[in-house]
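# Understanding the architecture of this molecule
Residues per chain are reported as follows:
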Amino acid sequence: MPRDDAFQAARWRASLALAFERRDARTVLASRRHDGPLVVQKALYPEGESTCHAIVVHPPAGIVGGDELVMDIGAGRGAQALLTTPGAGKWYRSAGAWATQRVAIRGHEASRVEWLPQETIVYDGARADIGWEACLEGDASLIAWDIVCLGRTGSGERFDNGRLRTTTRLTRGGRLAWAERGRIEPGGALASSPAGLAGRSVFGTMVVSAPAIDDEWLALARARRPREGESAATRLPGVLLARYRGDSTEAAREHFTALWRDLREPVTARAAVEPRIWRT
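The model shown is predicted, which means the values in this text are computed figures rather than measured ones. (Residues numbered from 1 in each chain as written. Predicted model: local features only at pLDDT ≥ 70, side-chain atom pairs only at ≥ 80, totals over all residues. Heavy atoms only, no water.)

This next bit is on the packing of aromatic side chains. Applying the stated rule across the entire model yields four aromatic pairs. Between the aromatic rings of Trp-260 and Trp-278, the centroid separation amounts to 5.6 Å while the plane-to-plane angle is 70 degrees, which identifies the pairing as edge-to-face. With Trp-260 in helix H4 (residues 249-268) and Trp-278 in the segment after H4, this pair connects stretches of sequence that are 18 residues apart. Using a relative accessible area of 17% as the deciding quantity, one classes Trp-278 as buried. Residue placement shows Arg-26 over the ring face of Tyr-45; its charged tip is 4.2 Å from the ring centre. The aromatic ring of Trp-98 is capped on one face by Arg-165, whose charged end is 3.6 Å from the ring centroid. (Phe/Tyr/Trp six-rings, centres within 6.5 Å; stacked < 30°, edge-to-face > 60°. Helix = DSSP H or I, 4+ residues; strand = E, 2+ residues; numbered from the N terminus. Buried < 20%, exposed > 50% of the residue type's maximum accessible area, 1.4 Å probe, protein only. Lys NZ or Arg CZ within 6 Å of the ring centre and 35° of its normal.)

Pasting the structure below:
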């Protein structure tokens, strides 16, 4: 069977729902439900009981045309949760069908949620539709990022075919705080424009949301510079946005990780403790 046909035959539909709760001084993974190959194996506590770490695992490793992944992450009042992935997400070439991923985050009052997946690699010829949405209440805070690499640049592959659609939406108290949509295709305006990717193969956005964004946080974000590529930061009411564009996923990851270390304690009142999986 041809490789692309084999991928299409093995496509998956999977969902994962996680609920974190605060019980006394401990955050617990109170509920986890999954259907298909999308799981969290166990709750981890590398920085003590108040913050629960969870690693979202997609056993097939790659995402193919026709796959549908849905995640729902809920943090109850006072819960503190950090979620990441064990490695890069790979979106394979498609024979025509779109692959989709949707992540919904709900943060209740006094909760702290961090959604910090490792990078997404969109193969040449892929059709990827990727989106996440966060709904925050009261004084909940959020730190989230996404890093995308167009093509397997480490293997010399360019993103000469295919499509990428991205959607991000953030609300607080039911009111829209920030929203963005992207439509990227080779040779398209967003891919080539100086106001877009300017022909670069790697881009990323880090989002920090809190009831108010301090001047010091914005200054920290603007002072950070990646070792390769370009960065920028801006502030909206209750939202800090940090951007990266360049040609190195490693530089993007290092840049956002350094910025996360700078901002994590001011935003969440917890010193930065990296997930161990980032170092494996």
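Here the narrative resumes.
Our next topic: empty space enclosed by the protein. Tallying each qualifying case throughout the model produces one cavity of 30 Å³ or more. Lining the largest cavity, in full, are Pro-117, Gln-118, Glu-119, Trp-145, Ile-147, Arg-253, Thr-257 and Trp-278. Counting only elements with at least two residues in the lining of the largest cavity, the list comes to strand S13 (141-150) and H4. Considered class by class, the residues forming the lining of the largest cavity number four nonpolar, two polar and two charged. (1 Å grid on protein atoms, 1.4 Å probe; cavity = no way out; pocket = protein on both sides within 12 Å on 5 of 7 lines; lining within 4 Å. Points joined across faces, edges and corners; volume = space filled by probe spheres on them. Nonpolar A, V, L, I, M, F, W, Y, C, P; charged D, E, K, R; others polar.)

Turning our attention to the sheet that holds strand S9 (residues 99-107). As summarised here, the arrangement of the seven strands in space is S2-S1-S6-S9-S12-S14-S15, forming an open sheet in which the pairing is mixed. Lying at the two open borders of the sheet, with one neighbouring strand each, are strand S2 (26-35) and strand S15 (175-184). Each adjacent strand pair in this sheet contributes to an overall mean axis angle of 10 degrees, direction not counted. Where strand S1 (residues 13-23) lies against S2, nine bridges are found, and the strand directions are antiparallel. What sits directly across from Leu-18, in S2, is Arg-32. (Pairing = 2+ DSSP bridges. Axes fitted to C-alpha atoms, helices over the stretch in contact; angles between N-to-C directions.)

So, about the layout of surface pockets. Space inside the largest pocket adds up to approximately 1,000 Å³. Along its surface, the largest pocket is lined by 49 residues, and Thr-120, Asp-146, Ile-147, Val-148 and Phe-203 are the ones closest to its centre. Here the lining of the largest pocket is built from residues that sort into 25 nonpolar, 16 polar and eight charged. As a volume, the second largest pocket reaches approximately 290 Å³. Along the wall of the second largest pocket there are 16 residues; nearest its centre are Leu-150, Arg-158, Phe-159, Gly-199 and Arg-200. A breakdown of the residues in the lining of the second largest pocket according to their chemical character gives five nonpolar, five polar and six charged.

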